[in-house]
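Close look at the chain arrangement
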Amino acid sequence: MLNRIRPALGRVLTPIGGAVARTGVSPNAITVIGTVGVAAGALVLFPRGQFFWGTMVITAFVLFDMLDGAVARVTGKISKFGAFLDSTMDRVADAAIFSGLMIGLYRDDREMLAGVALYCLVSGVVVSYAKARAEGLGYTCNVGIAERAERLIVALVAAGFDGLGVPYILALALWVLAALSTVTVGQRFATVHAQAKADPAPKPAPGRPAEPAEPAEPARPKAERRP
């Protein structure tokens, strides 16, 4: 859903990325620093029940991490490895956020809500993996009501308000997020299934040769055949 505003966001971040690029920091360094900061905020502050300050730290590093693409464009350092690193570090950051929430909720005697946070973590991984696997098979899978950006916004806003003492908001947000993530998984399964029915032989991913078919087993001589 938020993919529609990416072009406008890119135009805003490009001048900032130019300023950051002049410091000499590389896009990959920004990606790693952003992920480490998010993980530290989530795994140090959330388990202590400091949901507001944890959200503030995480948000700051998430915004910093968004500059890696802008710096890559400005410096011309766009690479396949950079894209791989960015996607992988995103999964690490997501896992840290929901793991921290889960531990903090469990320690606060909200065991059921901790279980919902765990479900959100697992379903988020499935959402991301479904898209990656589909694209690896040559299908398109750019659908879903709750992609990564939406999931992060819902979880962090709710955690921040919960840290300020607003009742029920985190519980409501996590239950809604669990439902939306489930729907998104279903949307991606349906999309890929429809493409698979229309084209049973998927195209190989770009840069990856198609796997050769296994040779047929040679027929045995009549003497070796069983009656």
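Please refer to the structure placed before this passage.
These numbers were taken from a predicted model, which means no experiment stands behind them. (Residues numbered from 1 in each chain as written. Predicted model: local features only at pLDDT ≥ 70, side-chain atom pairs only at ≥ 80, totals over all residues. Heavy atoms only, no water.)

**Section: the packing of aromatic side chains**
Taken as a whole, this structure holds three aromatic pairs when the rule is applied. With 5.1 Å between their ring centres and 75 degrees between their planes, F52 and W53 make a pair best called edge-to-face. Between F81 and F84 the ring centres are 6.2 Å apart and the planes differ by 40 degrees, which places this aromatic pair in the tilted class. Placement of both F81 and F84 in helix 5 (residues 80-107) is noted, with a separation of three residues, approximately one turn of the helix. (Phe/Tyr/Trp six-rings, centres within 6.5 Å; stacked < 30°, edge-to-face > 60°. Helix = DSSP H or I, 4+ residues; strand = E, 2+ residues; numbered from the N terminus.)

**Let's talk about the side chain of R188**
Structurally, R188 can be placed in helix 8 (residues 169-198). For R188, a relative accessible area of 3% gives the class buried. At 2.7 Å, the side chain of R188 forms a polar contact with the backbone oxygen of V127. Other than its neighbours up to four places away in sequence, R188 contacts V127, S128, A130, K131, C141, V143 and E147. (Buried < 20%, exposed > 50% of the residue type's maximum accessible area, 1.4 Å probe, protein only. Polar contact = N/O pair within 3.5 Å; in protein donor to acceptor, adjacent residues only side chain to side chain. Contact = heavy atoms within 4.5 Å.)

**What to know about the pattern of salt bridges**
All told, the structure shown has six salt bridges when counted by the stated rule. A salt bridge links R148 to D90; the shortest N-O distance between them is 3.7 Å. Here R148 is found in helix 7 (residues 148-163), whereas its partner D90 is found in helix 5, with 58 residues between them in sequence. Its relative accessible area of 12% is what places D90 among the buried residues. Linking R148 and D94 is a salt bridge whose minimum nitrogen-to-oxygen distance equals 2.9 Å. With R148 in helix 7 and D94 in helix 5, this pair connects stretches of sequence that are 54 residues apart. Take R148: its relative accessible area is 23%, and that puts it in the partly exposed class. Through salt bridges that share partners, D90, R91, D94 and R148 make up one connected network. (Salt bridge = Lys/Arg side-chain N within 4 Å of Asp/Glu carboxyl O.)

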